[in-house]
Amino acid sequence: MKLIKQFAIIFSIYSVSDIFSRILKLPIPGNVIGMMLMFLLLLTGIIKENNIDEAGNILITNMSLLFVPGTLAIIDEYKYVKDEIVPFIIICLFMGVIIMITTGLSAQFLEKIFSKLRK
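Given the structure is predicted, the values throughout are model-derived calculations rather than measurements. (Residues numbered from 1 in each chain as written. Predicted model: local features only at pLDDT ≥ 70, side-chain atom pairs only at ≥ 80, totals over all residues. Heavy atoms only, no water.)

1. Digging into the overall build of the chain
When helices and strands are counted, the chain shows six helices and zero strands. The principal-axis extents of the C-alpha atoms in the chain amount to approximately 50 × 40 × 30 Å. Expressed as a percentage of its 119 residues, the buried residues of the chain come to 13%. When contacts within the chain are restricted to residue pairs at least 6 apart in sequence, long-range pairs at least 24 apart make up 52% of them. For the chain, the exposed surface amounts to about 10000 Å²; the carbon and sulfur share of it is 74%. (Helix = DSSP H or I, 4+ residues; strand = E, 2+ residues; numbered from the N terminus. Buried < 20%, exposed > 50% of the residue type's maximum accessible area, 1.4 Å probe, protein only. Contact = heavy atoms within 4.5 Å. Areas by Shrake-Rupley, 256 points an atom, 1.4 Å probe, with all protein chains shown as cover.)

See the structure below:
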């Protein structure tokens, strides 16, 4: 029952943010708005971490399954992208490296800030 409640909280926030994005015709996707809303709710303490931790862990553990539909869509539309497959792969690899570097530097930067705040 606890897990159902946690998933209900997460999906409710996603649904509200998606509807909000569609009604206001925002250029930001509903899932991004939902992540910002979830962050603010956690930051303010309106939602406690233990109210969503188990469901969040399940979603993170199975995150790779969420990429299957996108991968299948690319395979299904391969005939349209086959002429541009080499640049596509190069861009994906390049952006993957850039994202890893940026994430690592951001984590190090935030760790320095939080370690100074703890002292």
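2. Concerning helix α2 (residues 30-44)
Helical geometry: 3.6 residues make up each α-helical turn, so side chains three or four residues apart lie on a common side. With 15 residues, α2 should cover 21 Å at 1.5 Å per step; its first-to-last C-alpha distance of 21 Å lies within 8% of that length. Three or more residues of α2 are buried, namely Gly30, Ile33, Gly34, Met38 and Leu41. Seen along its axis, α2 keeps its buried residues to an arc of 140 degrees; they face one direction. Opposite its buried face, α2 presents the exposed residues Met35, Phe39 and Leu43, each directed more than 90 degrees away. If you follow the buried residues of α2, they end up packed against α1 (2-23). (Expected span 1.5 Å × (residues − 1). Arc of directions from axis to C-beta.)

3. Examining the confidence of the model for the chain
In the predicted model, the chain carries a mean pLDDT of 90, and 100% of its residues have values of at least 70. The least confident element of the chain, judged by mean pLDDT, is helix α5 (residues 78-81) at 81; the most confident is α1 at 93. (pLDDT = per-residue confidence, 0-100.)

4. Things to note about the nonpolar core
Counting residues in each nonpolar core, the largest one holds seven residues, listed as Ile10, Ile13, Met38, Leu41, Ile47, Ile52 and Ala55. Breaking this core down by element, the ones donating at least two residues are α1 and α2. For Ala55, the residues in contact, after removing those within four places along its chain, are Leu3, Gln6, Phe7 and Ile10. (Core = buried A, V, L, I, M, F, W, Y, C linked by side-chain atoms within 4.5 Å.)

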